[in-house]
Amino acid sequence: MDGAYKMVKQNFNGNGVDTTSTENNQLKIYAGNVMMYVLTNSSQDVSAFAVGKFSIDSGKLIENILYNATENLQSTDVFADTVNIGKNDTGYVQTASKLVSDKGQIKITETYRSTAANTTSILDGIWKQVSSYALRGNDTIKHNDVEYKAFYAGNFSYGDYYADSAQQKATGISYGTFSIDSSNNLTETINVSTWPELIDKTFVLTITKNGNDSFTQTAVNVTGDKEISVYERVK
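An account of the accompanying structure is given in this report.

Quick notes on the rules
- Residues numbered from 1 in each chain as written.
- Predicted model: local features only at pLDDT ≥ 70, side-chain atom pairs only at ≥ 80, totals over all residues.
- Heavy atoms only, no water.
- Salt bridge = Lys/Arg side-chain N within 4 Å of Asp/Glu carboxyl O.
- Helix = DSSP H or I, 4+ residues; strand = E, 2+ residues; numbered from the N terminus.
- Buried < 20%, exposed > 50% of the residue type's maximum accessible area, 1.4 Å probe, protein only.
- Contact = heavy atoms within 4.5 Å.
- Phe/Tyr/Trp six-rings, centres within 6.5 Å; stacked < 30°, edge-to-face > 60°.
- Pairing = 2+ DSSP bridges.
- Core = buried A, V, L, I, M, F, W, Y, C linked by side-chain atoms within 4.5 Å.

Before going further, it helps to examine the pattern of salt bridges. The tally for this structure, following the rule as stated, stands at five salt bridges. A salt bridge links Arg136 to Asp225; its shortest N-O distance comes to 2.7 Å. In this pair, Arg136 is assigned in strand β12 (residues 125-136) and Asp225 in the loop between β19 (214-220) and β20 (226-233), connecting sequence segments 89 residues apart. The class for Asp225 is buried, based on a relative accessible area of 5%.

As structure tokens, this is what we get:
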């Protein structure tokens, strides 16, 4: 199941409902026994992400979600989601159990396309931000957001639960492609984002590995502050 998969479409069927949607921009990354998905829907102004562990048993994918955030809400309540999966040449198809809606029980079928390249990197996996701060002159400004990042086979994503300029809680996500050179310069190109101004932008970050299960990311933001974030691997 290891890979990066972009949702192509969702089909809702049952009790007089038969409709297909392509509005959700979602990327799921599976690496080892951990997973992360990020999702944004600009027409509904919704962004969300979740991180957890997964296993496969007899054609069923079981995702045990450890953290999730949607808009102004976050949760660390652990819950499991079980779906049927069928792998194919381009990715996989996921069929949810019958779900209750205002029209009764609806079956949701989601089609995913593999976007993984034939590359590996030292960052492949899911990472939790454990420290983040900005250096502005002689001042150190600590950030209190909750952020996760995922990397796999040339694809990356991140989800951020943060306070906006009005100090209201919000969720934002981005995903795209990445590469890392021999000097540990990380280049990220954003294809999809909650923030329209980031789409199609490329950022170069400096990575310092702190062993196999931690790294420090350094960047300079638009105001000239040096942004430093430390991440630990989710296991």
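Next, the rest of the story.
Within the secondary structure, Ile65 is located in strand β6 (residues 60-70). Relative accessible area serves as the criterion here: at 3%, Ile65 is assigned to the buried category. For the pair Ile65 and Gln217, spaced 152 residues apart in the sequence, the C-alpha separation amounts to 26 Å. The residues touching Ile65, leaving out its near neighbours within four places in the chain, are Met35, Ala50, Val51, Gly52, Asp77, Val78 and Phe79.

Another point: the environment of Val34. Tracing the sequence through the fold places Val34 in strand β4 (residues 34-41). The class for Val34 is buried, based on a relative accessible area of 3%. Residues Val34 and Asp145, spaced 111 residues apart in sequence, show a C-alpha to C-alpha distance of 21 Å. Aside from chain neighbours lying at most four places away, what touches Val34 is Ile29, Gly52, Lys53, Phe54, Ile126, Val234 and Lys235.

All right, on to unusual backbone geometry then. Even without being a glycine, Ser58 presents a positive backbone phi close to 55°. Following the sequence through the fold, Ser58 ends up in the loop between β5 (46-57) and β6. Phi at Glu71 takes a positive value of approximately 55°, unusual for a residue other than glycine. Within the secondary structure, Glu71 sits in the loop between β6 and β7 (73-75).

A word on the packing of aromatic side chains. The description of an aromatic ring pair rests on the distance of the ring centres and on the angle between the ring planes. Applying the stated criterion across every chain, the model contains 14 aromatic pairs. Measuring from centroid to centroid gives 5.0 Å for Phe151 and Phe178, while their planes differ by 75°, and the two rings are edge-to-face. Separated by 27 residues along the polypeptide, Phe151 in strand β14 (residues 146-152) and Phe178 in strand β16 (residues 169-180) bring together distant segments of the chain. Across the pair, exposure class does not vary: Phe151 and Phe178 are buried alike. With a centroid separation of 6.4 Å and 70° between ring planes, the pair formed by Phe151 and Phe215 is classed as edge-to-face. Pair noted here: Phe151 is in strand β14 and Phe215 is in strand β19, with a separation of 64 residues, a long-range link. Taken as a pair, Phe151 and Phe215 share a single burial class, namely buried.

The next subject is the pairing of strand β2 (residues 17-21). Every other side chain in a regular strand lies on the same face of the sheet, so the side chains alternate between the two faces. Pairing of strand β1 (residues 3-14) with β2 involves five bridges; the strand directions are antiparallel. Bridge pairing in β2 links Asn13 to Asp18. Here β1 hands over to β2 after two residues, with Asn15 in that stretch at a positive phi of 50°.

By size, the foremost hydrophobic cluster in this structure holds 21 residues, and its most contacted members are Ile29, Met36, Val38, Phe49, Ile126 and Tyr148. Among the secondary structure elements, those contributing two or more residues to this core are β3 (25-31), β4, β5, β6, β14 and β16. Apart from residues lying up to four places away in sequence, Val38 is in contact with Asn25, Gln26, Leu27, Ala48, Phe49, Ser157, Tyr158, Gly159, Ile173, Ser174 and Tyr175. Trp127, Phe151, Phe156 and Phe178 belong to the second-largest nonpolar core, a separate cluster that totals 17 residues.

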